[in-house]
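Examining the three-dimensional arrangement
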Amino acid sequence: PGHKFDSFTQIYARAARWWGIEVEDLNLTLPLMKNGIKGVNWITMVGSSFLQKVQGTPLFEDLGQRPDVTLLPAKNALLIRAGDEPAPGDRNRPDQSMDPYVAVAGALEPLYLSSHPGFTGDGFINHGNTLGWYRRFLDPTGWP
């Protein structure tokens with residue numbers, strides 16, 4: 001906890017370049033997960049109650065047709081894998097590795113949180129874009 005500010009300052013710079021990494025502050029994020037999802041990544045697990053909100057929508061149904069997205073049903077959830085392996089999402093070397101992440105995000109957009117407390121650290125505080133980080137695959141203009 002004593003290094004949280006400095007840690008998030010460093011994390012911001014790295015997250016601006018590598019969109020495939022995961023960033024969160026468990027103390028801020030976990031209490032919100034009853035009402036929505038914070039975003040998606042290589043592996044995203046969606047519980048049955050949330051699935052009911054997106055099943056049958058065109059974007060969600062199209063997701064199952066993509067060769068770069070795997071849907072693995074479980075008893076009370078669905079595991080969604082975006083791509084065959086995690087992708088770093090290096091913004092300095094753009095490629096199509098983030099395409100499945102964008103597709104999963106679009107299909108799950110109705111589940112996304114509409115607000116999130118701001119992360120600490122210089123970058124997040126100065127730019128006020130913690131929610132932009134979580135929504136980067138939905139709206140790339142909201143994140144550096």
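See the structure printed just above.
Residues numbered from 1 in each chain as written. Predicted model: local features only at pLDDT ≥ 70, side-chain atom pairs only at ≥ 80, totals over all residues. Heavy atoms only, no water.

**Remarks on the packing of aromatic side chains**
How two aromatic rings sit relative to each other is set out by the distance from centre to centre and by the angle between their planes. Just so we agree on the cut-off: Any Phe, Tyr or Trp ring, taking Trp's six-membered ring, that has another such ring centre within 6.5 Å forms a pair; planes under 30 degrees apart are called stacked, those over 60 apart edge-to-face, and the others tilted. Only runs of H or I of at least four residues qualify as helices and only runs of E of at least two qualify as strands under DSSP, and these elements are numbered from the N terminus. Accessible area is worked out with a 1.4 Å probe on protein chains only. A residue is then buried under 20% of its type maximum, exposed over 50%, and partly exposed in between.
Within this structure, the stated rule accounts for 10 aromatic pairs. A centroid spacing of 6.4 Å and a plane angle of 65° characterise the contact between Trp 19 and Phe 137, whose relative ring orientation is edge-to-face. Here Phe 137 lies in the segment after α7 (130-134) and Trp 19 lies in the loop between α1 (4-17) and α2 (26-29), a separation of 118 residues in the sequence. Phe 137 gets classed as buried once you look at its relative accessible area, which sits at 4%. Both rings, one in Tyr 101 and one in Phe 137, keep their centres 5.4 Å apart while their planes meet at 50°; by these two values the pair is tilted. With Tyr 101 in helix α5 (residues 99-108) and Phe 137 in the segment after α7, this residue pair connects regions lying 36 residues apart in the sequence. For Tyr 101, a relative accessible area of 1% gives the class buried. Members of the aromatic cluster, connected to one another through ring pairs, are Phe 8, Tyr 12, Phe 119, Phe 124, Trp 133, Tyr 134 and Trp 143.

**Section: the pattern of salt bridges**
Opposite charge on two side chains permits them to pair, given that their charged atoms come into close proximity. Here is the rule we go by: What makes a salt bridge here is a side-chain nitrogen of Lys or Arg within 4 Å of a carboxyl oxygen of Asp or Glu, nothing more.
Under the criterion given, the structure shown has 8 salt bridges. Among the salt bridges present, the one from Glu 24 reaches Lys 38, with a minimum N-O distance of 3.4 Å. Note that Glu 24 is positioned in the loop between α1 and α2 and Lys 38 in the loop between α2 and β1 (43-47), a separation of 14 residues in sequence. Owing to a relative accessible area of 17%, Lys 38 belongs among the buried residues under this scheme.

**What to know about the pairing of strand β3 (residues 77-82)**
To keep things clear, this is the line we draw: One bridge is not enough; two strands pair if DSSP finds at least two bridges between them.
The sheet contact formed by β1 and β3 spans 5 bridges and is antiparallel. The partner of Thr 44 across the bridge, within β3, is Ile 80.

**Notes on the sheet that holds strand β2 (residues 69-73)**
Under the convention used in this document: Axis definition: a line fit to C-alpha positions, over the contact stretch in the case of helices; interaxial angles, taken between N-to-C directions, run 0 to 180 degrees. Any two residues whose heavy atoms approach within 4.5 Å are treated as being in contact.
The sheet built from 3 strands is open, its strands ordered β1-β3-β2 with antiparallel pairing. The sheet terminates laterally at β1 and β2, the two strands that pair on one side only. Ignoring strand direction, the axes of neighbouring strands in this sheet form an average angle of 20°. Packing against the sheet, α5 makes contact with β1, β2 and β3, and its axis sits at approximately 150° to β3.

**Things to note about the pairing of β2**
Relative to β3, β2 is paired through 5 bridges, and the arrangement is antiparallel. In the strand pairing of β3, Val 69 is matched with Ala 82.

**Comments concerning α1**
Note the cut-off: In a helix, the anticipated span is given by 1.5 Å times the number of residues less one.
If you check α1, its first and last C-alpha atoms are 20 Å apart, about what 14 residues at 1.5 Å a residue would give, namely 20 Å. Contacts from the buried residues of α1 go to α6 (122-127) and α7.

**Topic: the side chain of Asp 90**
Heads up, the condition is: Within 3.5 Å is the distance limit for a polar contact, defined as a pair of N or O atoms, with the added protein rule that one can donate a hydrogen and the other accept it, and that residues adjacent in sequence qualify only through two side-chain atoms.
Here Asp 90 is to be found in the loop between β3 and α5. By relative accessible area, which is 12% here, Asp 90 ends up buried. Here Arg 17 takes part through its side chain, which lies 2.8 Å from a polar atom of the side chain of Asp 90. Among the polar contacts listed, one links the side chain of Asp 90 to the backbone nitrogen of Asn 92, at a separation of 2.8 Å.

**Topic: α5**
Counting buried residues along α5, 8 of its 10 residues qualify, which places the element largely inside the surrounding structure. Among the residues of α5, Pro 100, Tyr 101, Ala 103, Val 104, Ala 105, Gly 106, Ala 107 and Leu 108 are the ones counted as buried.

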